[in-house]
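Structure at a glance
These are the residues of each chain, in order.
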Amino acid sequence: MKVSFPHMGYSYLAFKWMVEHTGHECIVPPEPSKRTLDLGVRHSPEFACIPFKMLMGTYLEVAEMGAEMIITSGSNGPCRAGLYWVMHQYLLEELGQPVKIVALEPPLCDMRDFIGKLRLIRKTGGISTKQLIWVLQVTWEKVKAIDEIERHSHEIRPYEIGKGDTTRAFWQALEMIDAANSINEVRLAYREALKVLDAVPQDNSRNPLKVGIIGEIYVVLEPSANHYMQIMLGEMGVQTDRSIYLSGYTKKTTIYDLEGDLYTVAQPYLNEAPIGGHGANSIAETVLYSRHGYDGVVQLAPFSCIPEIVAKSILPTVSRDHDIPVLTLFIDEQTGKAGVQTRLEAFVDLMERRREVKQKQSTIARRLVI
Amino acid sequence: MKKGYLGVDVGSVSTNLVVLDPDGKLLIKKYLRTNGKPIQTVQEGLYQIGQEIGEEIEIAGAGTTGSARYLISLIIGADIVKNEITAHAIAASSIDNEVRTIVEIGGQDSKIIIMRDGVVTDFAMNTVCAAGTGSFLDQQASRLLIPIEDFGSYALKAKNPVRIAGRCAVFAESDMIHKQQLGYNTEDIIAGLCEALVRNYMNNVGKGKEILPPVMFQGGVAANQGLVEAFRRYLDMPVEVPEHYGVMGAIGVALMSRDASRRKGATGFKGFNIQEISFKTTSFECKGCSNACEVVQFYENSELLARWGDRCGKWEV
């Protein structure tokens, strides 16, 4: 069958490999563009959030390219996004697109459904269970490697001497991972890829600001949905880390249940009622970024996203208690980059001045001690 | 010749130019409509300033701010390019270094800047909605057939402001029409609109911010006395409007250009008569990869000055 999946950051390289090795033909989803947005907006409910619209657009694009099956994730409702695939399926049917959406629910939530859907993918592709397990293992290795080199690229970008060098090296590194065909090859490619990144000429005398990026998963993970924010900040000389990586996320919600920790951190602020989506995470992660000495936090929220709206109204308190500035950006259909750039530049100015004032204070304090 | 520092703020609605003397005193200001033509507007504004004071003032530093700041910096040869939030904060604290809250409302954006001890500690700017901005009032003014300049004086005459929903500019309009049809007088409706805008502003950008006096209100919309009054009532504290409220962004960046040009030792300013130079932009779609970036090329006469819009940086000059 011709199989596709949602575009989320650079993970498509790993999923492309997975589809191809389960005996299917892969329709690689194009990076969300203006056209994706146009299609998505035209065929989605007006009040749906931007992740819904972008995915709708992507699905219509891959349907046009001939996809017959779309593999996506369900999840037991961190927010309504867990049910989006049902709506998408209805809308695709209404539009006369013969595409079947196969949504994998977290195995811990519905093991039978999960296994049944995996079997469907395996049977239609004509491979054995043993082969499938191997394919999943290699895919997982690729997802981890891709996440890890992306994380590293955001670490070194603020040190780059030639603007764009890191991004170019990063693409080269991705191609190396893309060419690997077994667990060992992925591991080898990963080590080589790191060398390519480290070879970018860097100025280590710089002391970049550190910013954590938090918020709703889709707009945090998909660079084309957030104006390539991490690259933009990196080229402004800011080191960024983001709270969500696919390998981390999938791991937490499937096999290891590590989210308990985050809830403990968020609990002082959420005593009354827990909030869904990544709202509780946003609160906990702001606390954690402050503890780890970050200069600020940027919260990315789709317009009308309730969990993030709730988190936003709690964040001023967290920000005061933990002395860390927070900038919230709502993301909707706007594609103009200038507005985002203005806010980020002002936020960088703010963090730089804070750092100067803090350094001055600590020198004064030190003198007083002496 | 005396020295002067030029600040240019090119926003979506207006283009403001100021020249300050080395002590930060305003020598001249120009307030022009951008009308979607930032390049021509700046050329025109500079020409006017050159005609008026070009004989006795030598520009020793220039800076740009506003949404077209990068484009305009290439045209005038700016020494510093700065975002409008920082520019407004610098300008406000040059007037009152104790200022702790800045309310700034422009044509299509509204912002709040929180300052403590002369340092910006927090800010917010409207993102996806223009309900609490100058455009909202502009819309309603034209609906009521009242020139926007007279809006404030009407509002001050109101005895019982009418409550109007300010959540969305479109629904505010239908709410306003209903109130008109019920026979409320124009003054009370206008005062109601001012209050609606303040409520929206406070709920939108002001949410969760610690607003402490002194409060400074700047931006083109501060001309509206009715709105100033509405802010005073809502916040229950004095609200100060600086003398040159409409050009504060330009003042801020002119002040910054003073330090920037001193650090550099010279200015890159190209002079007032850039009207004779032809600036041109062309664009093409890069075929290098699937991103299909729209690359913009910027020419001064026939010389290519800059390219932007490409994500990978391969077209950079």
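Residues numbered from 1 in each chain as written. Chains lettered and ligands numbered in written order. Predicted model: local features only at pLDDT ≥ 70, side-chain atom pairs only at ≥ 80, totals over all residues. Heavy atoms only, no water.

A few words on the domain arrangement of chain B. Taken domain by domain, chain B consists of domain 1 (2-88 + 249-276), domain 2 (97-242) and domain 3 (279-308). A straight line from the C-alpha centre of domain 2 of chain B to that of domain 3 of chain B covers 40 Å. (Domains from an automatic or database assignment.)

Let's shift gears to the sheet that holds strand β1 (residues 2-10) of chain B. Residues and elements named next belong to chain B. Strands sit in the order β3-β2-β1-β4-β5 across an open sheet of five strands; the sheet is mixed. The sheet is open, and its two borders are formed by β3 (26-33) and β5 (80-81), each paired with just one other strand. Bridge analysis of β1 against strand β2 (residues 14-20) gives six bridges, and the strand direction is antiparallel. Its bridge partner being in β2, V10 is matched across the sheet by T15. This element, helix α1 (residues 38-53), spans β1, β2, β3 and β4 (57-65) of the sheet and lies at about 145° to β3. Contacting β1, β2, β3, β4 and β5, helix α9 (residues 248-264) runs over the sheet at an angle of about 130° to β1. (Pairing = 2+ DSSP bridges. Helix = DSSP H or I, 4+ residues; strand = E, 2+ residues; numbered from the N terminus. Contact = heavy atoms within 4.5 Å. Axes fitted to C-alpha atoms, helices over the stretch in contact; angles between N-to-C directions.)

On to the interface of chain A and chain B. At the interface, 24 residues of chain A touch 26 residues of chain B. Per-residue buried area on chain A facing chain B is highest for T342, R343 and L350 of chain A; these three make up 24% of the total on that side. Summed over the shared surface of chain A and chain B, the number is two salt bridges. The partner of D349 of chain A in a salt bridge is K82 of chain B, and the shortest N-O contact between them spans 3.1 Å. (Buried area = accessible area lost by both parts, 1.4 Å probe. Salt bridge = Lys/Arg side-chain N within 4 Å of Asp/Glu carboxyl O.)

Moving on, we get to the nonpolar core. Considering soluble globular proteins, one finds that nonpolar side chains tend to be buried as a cluster. Counting residues in hydrophobic clusters, the biggest one holds 105 residues, and the most contacted among them are M229, V298, L300 and L344 of chain A. Examining the composition of this core, we find that nine residues originate from one element, helix α3 (residues 50-64) of chain A, more than from any other. Beyond its immediate sequence surroundings of up to four residues, M229 of chain A is in contact with I213, V298, L300, L329, V340 and L344 of chain A. Core analysis: the next-biggest nonpolar cluster, separate from the first, contains 40 residues, I114, I146, A155 and A191 of chain B among them. (Core = buried A, V, L, I, M, F, W, Y, C linked by side-chain atoms within 4.5 Å. Buried < 20%, exposed > 50% of the residue type's maximum accessible area, 1.4 Å probe, protein only.)

Atom-level detail of predicted coordinates should not be read off regions where pLDDT is low. Residues at a pLDDT of 70 or more form 95% of chain A, whose mean pLDDT is 89. For the stretch residues 252-259 of chain A, pLDDT sits under 50, and the model shows 11 contacts to residues farther than four places along the chain or on other chains. (pLDDT = per-residue confidence, 0-100.)

Of the consecutive residues P213 of chain B and P214 of chain B, the connecting peptide bond is found in the cis state with omega at -5°. Tracing the backbone through its elements, the reader meets P214 of chain B in the loop between α7 (186-204) and β9 (215-218). In the Ramachandran plot, H227 of chain A falls in the positive-phi region, its phi being about 60° despite a non-glycine side chain. Positive phi outside glycine occurs at N35 of chain B, with the angle close to 50°.

Sheets are built from strands that pair by backbone hydrogen bonding, the pairs being arranged parallel or antiparallel. Residue and element names in this part refer to chain B. Taking strand neighbours across the sheet as the criterion, the three strands line up as β11-β12-β13 in an open arrangement whose pairing is antiparallel. Either end of the sheet is taken by a strand with one partner, and the two such strands are β11 (279-285) and β13 (303-308). Going from strand to strand, the sheet's axes swing by 25° on average, the running direction of each strand aside. Here seven bridges tie β11 to strand β12 (residues 294-300), and the two strands are oriented antiparallel to one another. Within the sheet, the bridge partner assigned to S283 lies in β12 and is V296.

Take helix α8 (residues 183-198) of chain A next. Residues and elements named next belong to chain A. The terminal C-alpha atoms of α8 lie 23 Å apart, and with 16 residues this matches the ideal 22 Å at 1.5 Å per residue to within 8%. The set of residues buried in α8 consists of V186, A189, A193, V196 and L197. Around the axis of α8, the buried residues are gathered within 90° of arc, so they sit on the same side. Away from its buried face, by an angle of more than 90 degrees, α8 presents the exposed residues N184, L188, R191 and K195. Packing partners of the buried residues in α8 comprise α6 (129-156) and α7 (165-178). (Expected span 1.5 Å × (residues − 1). Arc of directions from axis to C-beta.)

Next up on the list: helix α2 (residues 34-43) of chain A. Residue and element names in this part refer to chain A. The set of residues buried in α2 consists of T36, L37, L39 and G40. All buried residues of α2 lie within an arc of 165° about the axis, which places them on one face of the element. Within α2, the exposed residues directed more than 90 degrees away from the buried face are K34 and R42. Residues of α2 that are buried make contact with α3.

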